[in-house]
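This is what each chain is made of:
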Amino acid sequence: MALKDFLNVRIADLAVLYIKLHRFHWFVEGKLFYPLHAKFEELYDEATELYDEFAERLLAIGGAPAATMKEYLALTMISEEGNEVAPKDIFNTLIKDYSLLVDELKKGIAIAQDADDESTADLFIGTITTLEKHLWMFKMSIK
Ligand SMILES: [Fe+2]
């Protein structure tokens, strides 16, 4: 896949993840409602920052970011199905989604380097570091 197309799929993933994190923020249930409600807000704020950063990187290299929900749903690899409300189910879903993003971004590093674009590779590496830290915490929270 060409780097610009790859970036657009990740932009779609982050847009869908942003909506999905709002769903968890709104509908999480149980004794941990308050801390999890706040944590999911933190995570959707981070997702929207990454979404914007990826889109503006695509613009900077001469591409055009997808910018409609219709395009995002056609492009994304993140499933928006489900109505999880229990913390454990939410974290299992987030582990699946964040792992998918990390796996894809690892492939993206090679795609960016093949296009002689070390800056985009660097963006991917930094994002992987951030997402892997969340993955560690998600896994610890359901032990
Ligand atoms: Fe809110």
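Here, the structure is the one placed above.
Keep in mind that this is a model prediction, so the values were computed, not measured.

### Quick look at the overall build of the chain
- When helices and strands are tallied, the chain shows five helices and zero strands.
- Across the chain, helices and strands are ordered from the amino to the carboxyl terminus as α-α-α-α-α.
- Its C-alpha atoms give the chain a radius of gyration of 15 Å, within 12% of the compact-globule value 15 Å for 143 residues.
- Taking the principal axes of the C-alpha coordinates as reference, the chain spans close to 50 × 30 × 20 Å.
- In the chain, the proportion of contacts linking residues at least 24 apart, taken out of those at least 6 apart, comes to 77%.
- A total accessible area of about 7700 Å² is found for the chain, and carbon and sulfur atoms account for 56% of it.
- Here the chain holds 15 positive side-chain charges and 25 negative ones, and the gap between their average locations is 7 Å.

### Comments concerning the pattern of salt bridges
- In total, this model carries eight salt bridges according to the counting rule given.
- The closest approach of N and O atoms between glutamate 42 and lysine 39, which form a salt bridge, is 2.7 Å. Of the two residues, glutamate 42 and lysine 39 are both situated in helix α2 (residues 33-60); the distance of three residues between them amounts to about one turn of the helix.
- Among the salt bridges present, the one from lysine 106 reaches glutamate 132, with a minimum N-O distance of 3.3 Å. With lysine 106 in helix α4 (residues 87-114) and glutamate 132 in helix α5 (residues 118-141), this pair connects stretches of sequence that are 26 residues apart.
- By relative accessible area, glutamate 132 is classed as partly exposed at 35%.

### A word on the nonpolar core
- Within the largest apolar cluster, 43 residues are counted, with the highest numbers of intra-cluster contacts made by Leu21, Phe40, Phe54, Leu94, Tyr98, Phe124 and Phe138.
- Of all the secondary-structure elements, those providing two or more residues to this core are α1 (3-27), α2, α4 and α5.
- Excluding residues within four positions of it along the chain, leucine 94 makes contact with Leu21, Phe24, Phe40, Leu43, Ser99 and Phe138.

### Notes on the packing of α2 against α4
- Between α2 and α4, whose axes approach to 14 Å, the crossing angle comes to 20°. One element, α2, and the other, α4, form an angle in the roughly parallel class. Note that α2 runs across α4; the crossing there is left-handed. Here α2 contributes Leu36, Phe40, Leu43 and Phe54 to the contact with α4, which in turn contributes Pro87, Ile90, Phe91, Leu94, Tyr98 and Leu105.

### Let's talk about a negative patch on the surface
- Together, Glu41, Asp45, Glu49, Asp52, Glu53 and Glu56 line one region of the surface with negative charge.
- Along the polypeptide, glutamate 41 turns up in helix α2.
- On the accessibility criterion, glutamate 41 (35% relative accessible area) is partly exposed.

### Re α4
- Taking 1.5 Å as the rise per residue, α4 with 28 residues should run 40 Å; its terminal C-alpha atoms sit 40 Å apart, in good agreement.
- Aspartate 116 lies just past α4 and shows a positive phi near 55°.

### Notes on unusual backbone geometry
- Even without a glycine there, the phi angle at aspartate 116 is positive, about 55°.
- Following the sequence through the fold, aspartate 116 ends up in the loop between α4 and α5.
- With relative accessibility at 73%, the residue aspartate 116 sits in the exposed group.

Definitions and cut-offs
- Residues numbered from 1 in each chain as written.
- Predicted model: local features only at pLDDT ≥ 70, side-chain atom pairs only at ≥ 80, totals over all residues.
- Heavy atoms only, no water.
- Helix = DSSP H or I, 4+ residues; strand = E, 2+ residues; numbered from the N terminus.
- Rg over C-alpha atoms; globule rule 2.2 N^0.38 Å.
- Contact = heavy atoms within 4.5 Å.
- Areas by Shrake-Rupley, 256 points an atom, 1.4 Å probe, with all protein chains shown as cover.
- Lys, Arg positive; Asp, Glu negative; His and termini not counted.
- Charge placed at Lys NZ, Arg CZ, Asp CG, Glu CD.
- Salt bridge = Lys/Arg side-chain N within 4 Å of Asp/Glu carboxyl O.
- Buried < 20%, exposed > 50% of the residue type's maximum accessible area, 1.4 Å probe, protein only.
- Core = buried A, V, L, I, M, F, W, Y, C linked by side-chain atoms within 4.5 Å.
- Axes fitted to C-alpha atoms, helices over the stretch in contact; angles between N-to-C directions.
- Parallel < 35°, antiparallel > 145°, perpendicular 65-115°, else oblique.
- Left-handed = near helix turned anticlockwise from the far one by under 90°.
- Patch = residues over 30% accessible without salt bridge, like charges linked within 9 Å, V, L, I, M, F, W, Y side chains within 5 Å.
- Expected span 1.5 Å × (residues − 1).

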